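So you can see what is in the structure, the chains are spelled out below.
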Amino acid sequence: PLSVAECPGTSSAQAGRAAACQGCPNQQLCASGVAAPDPAEAAALRERLRSVRHTVLVLSGKGGVGKSTFSALLAHGLAARQDRQVALLDIDICGPSIPKMMGLEGEQVHQSGSGWSPVYVEENLGVMSVGFLLSSPDDAVIWRGPKKNGLIKQFLRDVDWGVIDYLIIDTPPGTSDEHLSIVQYLGAAHIDGAVIITTPQEVSLQDVRKEINFCHKVKLPIIGVVENMSGFVCPKCKNESQIFPPTTGGAEKMCQNLNVSLLGKVPLDPQIGKSCDKGQSFFSEAPESPATSSYRNIIQRIQEYCDQRHLQEEKII
């Protein structure tokens, strides 16, 4: 019988050839290596992304855990320094929420001589999303895998980001076509690692374990895990409630078991949702919130990880 757990992974030399691959509908595709970009494509991607210093993927096992919110706030937090160029790429093709969260709804992509121009929130914060290519925010994107993969490749190859310090990539939930594509395409250039978002309850952690397993199989470094919606402090009585009870120990216990870093816990704050709906930065809307403090500490740890990785790579070179 087919064993998904024993899948060698698409980047393995045994892809499509291992015993566990027998009977898998993707066996021929994996064995042929067609999924990986050809050398000419890899060279074009490498050239386009040569001026990107750090690339961070934001992943989640399940939808609704605050992944896009975290991506938006990570971009805002990194761009707080005016001397730093930040780009936010939304590859959630069927559910692009980044334009709304960044206050860019209704904006459109413009073509220049050097490619597609990102839409800018600030001079040092550019955004690209399929949401900018739709005639209405209510339009559904009903595409099969190959078309999604083609757009992701186009975003990486044809967008004129310029020289940027951080490229943040917001992904859809799960471990499917879009994730394989972005990892394979970025394999031609450089990727620092992934930040995985979860909530405390077991039903979310169960899917995050799959996400961590995915990262190991495709050799994607894990920067760490963020536990979102980690408790709620009532602004009136100051009592803390666990809206999503950590019945199995939450992200902290999971990270200990799987030897993964816990970057931090972010408490619930209703202002986060309000800020996203208005397309404004939560940091400027609620600078004194405990959630703001948590986010800033997490962003600092991500920066330190990326800087450390950069120094290690320079030594190797």
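Residues numbered from 1 in each chain as written. Predicted model: local features only at pLDDT ≥ 70, side-chain atom pairs only at ≥ 80, totals over all residues. Heavy atoms only, no water.

Undergrad: Go over the pattern of salt bridges, please, and point to the residues and values.
TA: Under the criterion given, the structure shown has 13 salt bridges. Residue Asp-160 pairs with Arg-48 through a salt bridge whose shortest N-O separation is 3.6 Å. Here Arg-48 lies in helix 2 (residues 39–48) and Asp-160 lies in the loop between helix 5 (145–158) and strand 7 (164–170), a separation of 112 residues in the sequence. In this structure Arg-48 comes out as partly exposed when scored by relative accessible area, which is 24%. We note a salt bridge from Asp-83 to Arg-81, for which the minimum N-O separation is 3.0 Å. Taking relative accessible area as the criterion, Arg-81 reaches 45% and is therefore assigned partly exposed. The network of salt bridges with common partners includes Lys-62, Asp-207 and Lys-210. (Salt bridge = Lys/Arg side-chain N within 4 Å of Asp/Glu carboxyl O. Helix = DSSP H or I, 4+ residues; strand = E, 2+ residues; numbered from the N terminus. Buried < 20%, exposed > 50% of the residue type's maximum accessible area, 1.4 Å probe, protein only.)

Undergrad: Go over the side chain of Lys-153 with me, naming the residues and quoting the values.
TA: Inspection of the secondary structure puts Lys-153 in helix 5. Non-local contacts of Lys-153, meaning those with residues more than four positions away in its chain, are made with Glu-41, Leu-45 and Tyr-185. (Contact = heavy atoms within 4.5 Å.)

Undergrad: I'd like a rundown of the pairing of strand 7, residues and numbers included.
TA: Among the seven residues in strand 7, six count as buried, and that is most of the element. Of the strand pairs in this sheet, strand 1 (residues 52–60) and strand 7 are connected by six bridges, and their pairing is parallel. Residue pairing in the sheet places Thr-55 in a bridge with Leu-167 of strand 7. Pairing of strand 2 (residues 86–90) with strand 7 involves five bridges; the strand directions are parallel. Its bridge partner lying in strand 7, Leu-89 is registered against Ile-169. (Pairing = 2+ DSSP bridges.)

Undergrad: I'd love a proper account of the nonpolar core, names of residues and values included.
TA: Ranked by internal contacts, the top residues of the largest apolar core, which has 85 residues, are Leu-57, Phe-70 and Ile-302. In this view, Leu-57 contacts Ile-169, Thr-171, Ile-182, Val-183, Leu-186, Ile-191, Gly-193, Ala-194, Val-195 and Leu-220; residues no more than four positions away in its chain are not counted. (Core = buried A, V, L, I, M, F, W, Y, C linked by side-chain atoms within 4.5 Å.)

Undergrad: Give a description of unusual backbone geometry that names residues and reports values.
TA: Within the chain, Lys-219 stands out as a residue other than glycine whose phi angle is a positive 60°. Tracing the chain through its elements places Lys-219 in the loop between helix 7 (202–217) and strand 9 (222–227). By relative accessible area, Lys-219 is classed as exposed at 64%. Unlike most non-glycine residues, Asn-259 shows phi in positive territory, near 55°. With respect to the element layout, Asn-259 can be found in the loop between helix 8 (250–258) and strand 12 (262–265).

Undergrad: Now, about the packing of aromatic side chains: what can you tell me, with residues and values included?
TA: For the structure shown, the criterion picks out four aromatic pairs. Seen in terms of ring centroids, Phe-283 and Tyr-295 are 6.0 Å apart; in terms of plane orientation they differ by 70°. Their pairing is edge-to-face. Placement of Phe-283 in helix 10 (residues 282–285) and of Tyr-295 in helix 11 (residues 290–316) is noted, with a sequence separation of 12 residues between them. Note on accessibility: Phe-283 and Tyr-295 belong to one class, buried. One residue, Arg-296, lies across the ring of Phe-283, its end atom 4.5 Å from the ring centre. (Phe/Tyr/Trp six-rings, centres within 6.5 Å; stacked < 30°, edge-to-face > 60°. Lys NZ or Arg CZ within 6 Å of the ring centre and 35° of its normal.)

Undergrad: For the pairing of strand 5 (residues 119–122), give the residues involved together with the corresponding values.
TA: Sheet analysis places strand 5 next to strand 6 (residues 125–129), joined by three bridges and oriented antiparallel. What sits directly across from Tyr-120, in strand 6, is Gly-126. Counted between consecutive antiparallel strands, the loop separating strand 5 from strand 6 contains two residues.

Undergrad: Would you mind going over the environment of Val-65 in detail, with residue names and values included?
TA: Considering the arrangement of structural elements, one finds Val-65 in the loop between strand 1 and helix 3 (67–78). Between the C-alpha atoms of Val-65 and Ala-188, which are 123 residues apart in sequence, the distance is 30 Å. Those residues in contact with Val-65, other than ones at most four positions away along the chain, are Ser-60, Ile-197, Thr-198, Thr-199, Ser-204, Asn-228 and Met-229.

Undergrad: With reference to specific residues and values, describe the confidence of the model for the chain.
TA: Of the residues in the chain, 91% reach a pLDDT of 70 or more, and the chain-wide mean stands at 88. Between the elements of the chain, mean pLDDT differs from a low of 64, seen in helix 1 (residues 27–32), to a high of 98, seen in strand 9. (pLDDT = per-residue confidence, 0-100.)

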